[in-house]
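Each chain, written out:
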Amino acid sequence: MMQLLTPTDVLTRTARALALGKPDVLQETLAAQALRRAVSALAPCSRADALRFAREPLVGVIDKDGEWYDAILDALIAYGDVLEVTPQDDDAWRTGRLVLRPAPPSFVRRSNGDLIILGVAGDQPTALLGDLAAQVQHQGSLRSLRQPMATGVIDHLKALGLVELPETAWLRAPVSTTAKSYSDSSCGELSKTPLATAPVDGLTLIDPEGPVTFYTGRWRPPATNDTGIFVARRQQLFGLRPWCLVELERGAPRRLYDLLPTDGRERPCDLAWRIQAAFDATANRPQQVRPSVSGEVVELAFFSPLPAFAERRLAVKGEKSYRAGCLFAYTVPAAAVADELAALSEKLWLIEAQ
């Protein structure tokens with residue numbers, strides 16, 4: 001017998017099929033789990049293939065555009081559920097300069113006793129079973145077990161094949177340096193590239209004079225009076241627009257250096273955002289974080305994207321949210337604020353907004 005399902009019915013059944021437990025999960029949580037399954041089924045695959053695989057079955061049920069799904073995939077990569085890496089020589093096919101692969105199931109202990117669950121469980125929707133799977137809390141793309149009381153939970157997770165990652169290994173924070181030193185080393189890589197011999201299609205750059213509290217408003221095409229080195233993105237025939245450093249002379253590209261993933265799994269966007277933070281700090285216009293105290297917690301509002309290492313560090317102690325007036329925010333315990341602000345200043349040269 002055929003049955004007519006409402007969009008809510010479809011969401012409920014899809015959530016159950018993806019082992020999300022509760023039928024009233026947020027759309028972002030469902031989309032994140034669908035993307036984990038897509039990467040597991042298709043790997044090694046391009047971002048476009050994974051996004052299409054996850055999104056197309058949900059058209060008409062989740063009314064969101066491609067950028068929304070793309071942001072969720074970015075979060076999965078930042079936290080470590082999905083790896084964005086260069087292809088291997090023995091890959092059966094090539095899908096571009098970067099491919100997606102599922103990270104193995106693992107977990108990280110948070111400072112408050114919670115466990116962050118990471119990775120993709122191969123052929124199964126989740127590596128957790130039974131009551132343990134039902135206890136998983138979903139906050140958008142992040143999964144956690146909230147202060148599990150049973151003393152055997154850690155051993156049980158390990159018996160299920162999850163590997164415990166030390167916090168330092170998961171954070172993979174870069175070496176501390178000054179903004180000037182990091183800026184100079186990045187520009188040094190650009191100086192080694194040959195002079196450009198052809199126009200660069202679809203080039204957009206971050207305006208160094210644009211307000212550091214309005215990230216999206218800083219992006220623009222090159223102008224005829226632009227001379228210097230800029231963080232930029234360019235057009236290519238297939239796939240996402242690459243991140244790059246470009247040297248301009250009166251608006252015309254002189255040198256171009258594409259940013260590529262590092263051995264520390266820093267994505268091109270991670271490198272670009274840190275380089276721009278160094279540029280801003282060196283120009284005495286550092287990027288900002290705005291703390292707001294509310295009882296025993298503090299909300300840290302950010303106005304520019306953070307590299308994955310900074311997002312992971314904040315996720316250990318805080319909860320991410322979105323609200324008007326900033327790009328996103330993390331709510332952290334008041335006792336942890338001083339350490340987090342110090343780390344943001346040390347690694348990204350951020351200052352507190354007045």
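Quick note: structure is the one above.
Definitions and limits used
- Residues numbered from 1 in each chain as written.
- Predicted model: local features only at pLDDT ≥ 70, side-chain atom pairs only at ≥ 80, totals over all residues.
- Heavy atoms only, no water.
- Salt bridge = Lys/Arg side-chain N within 4 Å of Asp/Glu carboxyl O.
- Buried < 20%, exposed > 50% of the residue type's maximum accessible area, 1.4 Å probe, protein only.
- Helix = DSSP H or I, 4+ residues; strand = E, 2+ residues; numbered from the N terminus.
- Phe/Tyr/Trp six-rings, centres within 6.5 Å; stacked < 30°, edge-to-face > 60°.
- Lys NZ or Arg CZ within 6 Å of the ring centre and 35° of its normal.

**Student:** Lay out the pattern of salt bridges in plain terms, naming residues and giving numbers.
**Tutor:** For the structure on display, the rule yields 24 salt bridges. The closest approach of N and O atoms between R254 and E249, which form a salt bridge, is 3.5 Å. Under the relative-accessibility criterion, E249 is labelled partly exposed at 37%. In this structure, E311 and K320 form a salt bridge, with 3.2 Å as the shortest nitrogen-oxygen distance.

**Student:** Please give an account of unusual backbone geometry that cites residues and values.
**Tutor:** Looking along the chain, the bond that leaves A43 and enters P44 is cis, with omega of -5 degrees. Structurally, P44 can be placed in the loop between α2 (27-42) and α3 (47-55). Despite not being glycine, R250 has its phi angle at roughly 55 degrees, a positive value. Examined against the element boundaries, R250 turns out to sit in the loop between β11 (243-249) and β12 (252-258).

**Student:** Explain the packing of aromatic side chains residue by residue, including any values.
**Tutor:** Ring pairs (aromatic) are described by centroid distance and by the angle formed between their planes. The full count for this structure, using the stated rule, is seven aromatic pairs. Geometrically, the ring pair formed by Y182 and W349 is tilted, given 5.9 Å between the ring centres and 35 degrees between the ring planes. Taken together, the residues Y182 in helix α8 (residues 179-191) and W349 in the loop between α11 (337-348) and β17 (351-352) connect sequence positions 167 residues apart. Under the relative-accessibility criterion, Y182 is labelled buried at 14%. Note on Y215 and W219: the rings are 6.3 Å apart at their centroids and 85 degrees apart in plane angle, and the pair reads as edge-to-face. Site record: aromatic cluster; members linked through ring pairs are Y215, W219, W243 and W273. The side chain of K320 reaches across the aromatic face of F328, ending 4.7 Å from its centre.

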